[in-house]
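An overview of the molecular structure
Each chain, written out:
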Amino acid sequence: MALSSARRTRLADEVIAQLRAQIASGEWPVGSRIPTEPELVEQLGVARNTVREAVRALAHNGLLDIRQGSGTYVRATSELAGVMHRRFADTDMAQVAELRSVLEASAARLAAGRRTAADLKLLDAARERRETAWRSGDPEAFVQADAALHQAVVAAAHNEVLSAVYADLGEVLRAHLRFDVGSELRPDRYVEHDGLVEAVRGGDGELAAREATRVTRGWREIAERAGEDPDPRS
């Protein structure tokens, strides 16, 4: 391999690492559009071809979604998250709801026994952001805020493996919530989360688990009452 080619490969690897770090840190949230190619060239100080190669590599791995004429968007926070999203993109929404219920009930039970004062502050802040997003009337903003609240509950369980698995399934779970929320935020489609947060705060593991299950079931019941098919593929 020529030296120039080897150097170009190393540069592309460095850019890939930098872009991946921006995504993993949450600076570029899932669903957001990343800076344009010229902007990245200026920010990173590398050639346009190097940026293009790095972006294509991350798109191939499932982290980015290149949309012609629109830009490049964050699809997942890690390669595994991208694989999970592709693998379960067409899964029955009812099965995803069951998965959410199992993971989040277990996490809530653990969080009630392990939460710290710092965790409770994060939960309160996440709950307030969720309420603000709901009042804004923006469905996608609400989906992201709701997901952040559930992620905060999982984080309060202080189980690194559970947190990592939940994060890698993040886009699958957000897709489920998008389906349940619908294209419009309506009062009859609201599921309150105060009971979940307060159960974690009160240290009642069984109540916290029941509240987490109630939240998941609540979205499904709302969709069913609206006469919507729980599986959008049928």
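Residues numbered from 1 in each chain as written. Predicted model: local features only at pLDDT ≥ 70, side-chain atom pairs only at ≥ 80, totals over all residues. Heavy atoms only, no water.

**Notes on the nonpolar core**
Among the nonpolar cores identified, the biggest contains 18 residues, and A108, L123, V153, L196, V200 and A208 are the most heavily contacted of them. Residue assignment for this core shows that the elements contributing at least two residues are α5 (93-114), α6 (117-136), α7 (139-156), α10 (194-202) and α11 (205-225). Aside from chain neighbours lying at most four places away, what touches V153 is A107, A108, A111, L123 and L196. If you look at the next biggest cluster of nonpolar residues, it comprises 16 residues, including V15, W28, V51 and A54. (Core = buried A, V, L, I, M, F, W, Y, C linked by side-chain atoms within 4.5 Å. Buried < 20%, exposed > 50% of the residue type's maximum accessible area, 1.4 Å probe, protein only. Helix = DSSP H or I, 4+ residues; strand = E, 2+ residues; numbered from the N terminus. Contact = heavy atoms within 4.5 Å.)

**Considerations on the layout of surface pockets**
Rolled over the atoms, a probe as big as a water molecule pinpoints where empty space is left. Empty space within the largest pocket amounts to approximately 510 Å³. Broken down by element, the lining of the largest pocket gets its largest block of residues, eight residues, from α7. Its residues assigned to classes, the lining of the largest pocket comprises 13 nonpolar, seven polar and five charged. Each pocket or cavity is described by its volume, and for the second largest pocket that value is around 330 Å³. Taken together, 18 residues form the lining of the second largest pocket, with E37, V55, I66, G71 and T72 sitting closest to its centre. Every element with two or more residues in the lining of the second largest pocket is listed here: α2 (37-44), α3 (48-60), β1 (64-67) and β2 (71-74). For the lining of the second largest pocket, the element with the highest residue contribution is α3, accounting for five residues. Of the residues belonging to the lining of the second largest pocket, the class tally is seven nonpolar, six polar and five charged. (1 Å grid on protein atoms, 1.4 Å probe; cavity = no way out; pocket = protein on both sides within 12 Å on 5 of 7 lines; lining within 4 Å. Points joined across faces, edges and corners; volume = space filled by probe spheres on them. Nonpolar A, V, L, I, M, F, W, Y, C, P; charged D, E, K, R; others polar.)

**Digging into the packing of aromatic side chains**
Enumeration according to the criterion identifies two aromatic pairs in this entry. Here W134 and F142 contribute two aromatic rings whose centre-to-centre distance is 5.0 Å and whose plane-to-plane angle is 70°, an arrangement assigned as edge-to-face. For the ring pair W134 and Y190, a centre distance of 4.8 Å and an interplane angle of 65° mean the geometry is edge-to-face. With W134 in helix α6 and Y190 in the loop between α9 (170-181) and α10, the pair connects residues that are 56 residues apart, well separated along the chain. A relative accessible area of 16% means that W134 is categorised as buried. (Phe/Tyr/Trp six-rings, centres within 6.5 Å; stacked < 30°, edge-to-face > 60°.)

**Some details on the side chain of H150**
Tracing the backbone through its elements, the reader meets H150 in helix α7. In this structure H150 comes out as buried when scored by relative accessible area, which is 4%. Apart from residues lying up to four places away in sequence, H150 is in contact with R100, E104, Y166, H193, L196 and V215.

**So, α3**
Between its first and last C-alpha atoms α3 spans 18 Å; for 13 residues at 1.5 Å apiece the expected length is 18 Å, and the two agree. Buried residues of α3: T50, V51, A54, V55 and L58, and no others. Looking down the long axis of α3, one finds its buried residues gathered within 130° of arc, a one-sided arrangement. Turned more than 90 degrees away from the buried face of α3, the exposed residues are N49, R56 and H60. Positive backbone phi, approximately 95°, marks G62, located one or two places after α3. (Expected span 1.5 Å × (residues − 1). Arc of directions from axis to C-beta.)

**Considering the confidence of the model for the protein**
Per-residue confidence for the protein gives a mean pLDDT of 85, with 89% of residues at or over 70. Highest mean pLDDT in the protein belongs to α10 (97); lowest belongs to helix α1 (residues 3-24) (75). In the predicted structure, residues 1-6 sits below a pLDDT of 50 and forms one contact with residues beyond four places in sequence or in another chain. Predicted confidence is poor over residues 229-234, with pLDDT under 50, and the contacts of this stretch with residues over four places away or in other chains come to 13 contacts. (pLDDT = per-residue confidence, 0-100.)

**Structural notes on α6**
Here α6 is 20 residues long and its end C-alpha atoms lie 29 Å apart, about the 28 Å a rise of 1.5 Å per residue gives. Along α6, the positions that sit buried rather than exposed are D119, L120, L123, A126, R127, R130, E131, A133 and W134. Taken around the axis of α6, the buried residues stretch over an arc of 160°, which confines them to a single face. Exposed and facing more than 90 degrees away from the buried side of α6 are A117, K121, L122 and R135. Of the residues flanking the end of α6, it is G137, one or two places downstream, whose phi is positive at about 80°.

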